[in-house]
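Structure assessment
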Amino acid sequence: MLHDASTQKALDAIPPKSKTVLYFSAPWCGPCQTVKPALEALSEIHTDANFVRVDVDADGDLARTHSVRGIPTVVVINADGTGQRLSGTSIPVDITKYL
């Protein structure tokens, strides 16, 4: 399941899991729309992780907090707070090694 959360408050309301995958995108972004179906499919397979879509146009605070400079960008955050950042249309292939 791909949750929607464009604010820290909305993100905090999602029950925690072992990993959180933040998917930064925007409705007008063509490459973001290309990546989205693959992330939705991965979210059904990797149920131990929260997959969260963050609309950077709705509220830019989360994007700034995670230093997002371009979209699509995915930030994988582990339970211990460490993480990995991925950008571009290769996200669906590259992300599998971090899940």
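In what follows, the structure referred to is the one given above.
Structural notes, computed from the coordinates.

What counts, and where the lines are drawn
- Residues numbered from 1 in each chain as written.
- Predicted model: local features only at pLDDT ≥ 70, side-chain atom pairs only at ≥ 80, totals over all residues.
- Heavy atoms only, no water.
- Salt bridge = Lys/Arg side-chain N within 4 Å of Asp/Glu carboxyl O.
- Helix = DSSP H or I, 4+ residues; strand = E, 2+ residues; numbered from the N terminus.
- Buried < 20%, exposed > 50% of the residue type's maximum accessible area, 1.4 Å probe, protein only.
- Pairing = 2+ DSSP bridges.
- Right-handed = clockwise from strand over helix to strand, strands pointing away.
- Axes fitted to C-alpha atoms, helices over the stretch in contact; angles between N-to-C directions.
- Contact = heavy atoms within 4.5 Å.

To continue, consider the pattern of salt bridges. With the rule as written, the count across this model stands at 2 salt bridges. The partner of D4 in a salt bridge is R53, and the shortest N-O contact between them spans 2.8 Å. With D4 in strand 1 (residues 2-4) and R53 in strand 3 (residues 49-55), the pair connects residues that are 49 residues apart, well separated along the chain. By relative accessible area, D4 is classed as exposed at 52%. For R64, the salt bridge identified is with D61, shortest N-O distance 2.5 Å. Of the two residues, R64 and D61 are both situated in helix 3 (residues 61-65); the distance of 3 residues between them amounts to about one turn of the helix. Using a relative accessible area of 59% as the deciding quantity, one classes R64 as exposed. Look at D61 and you get partly exposed, because its relative accessible area is 43%.

With that settled, consider the pairing of strand 3. Taking burial as the measure, the 7 residues of strand 3 include 7 buried ones, the bulk of the element. Residues of strand 3 alternate between two faces, with A49, F51, R53 and D55 on one and N50, V52 and V54 on the opposite face, all of them buried. As paired strands, strand 1 and strand 3 are joined by 3 bridges and run parallel to one another. From the neighbouring strand, D4 faces strand 3, where its bridge partner is R53. The pairing of strand 2 (residues 19-25) with strand 3 spans 7 bridges and is classified as parallel. Paired with T20 across the two strands is N50, which belongs to strand 3. Viewed along the sheet, the connection from strand 2 through helix 2 (residues 30-45) into strand 3 turns out right-handed.

Our next topic: the sheet that holds strand 3. The 5 strands are arranged 1-3-2-4-5 in an open sheet whose pairing can be described as mixed. Strands at the two margins of the open sheet, each flanked by one partner only, are strand 1 and strand 5 (83-87). Along the sheet, successive strands turn relative to each other by an average axial angle of 25 degrees, direction set aside. Its contacts with the sheet place helix 2 against strand 1, strand 2, strand 3 and strand 4 (73-78), and it is angled at close to 160 degrees to strand 2.

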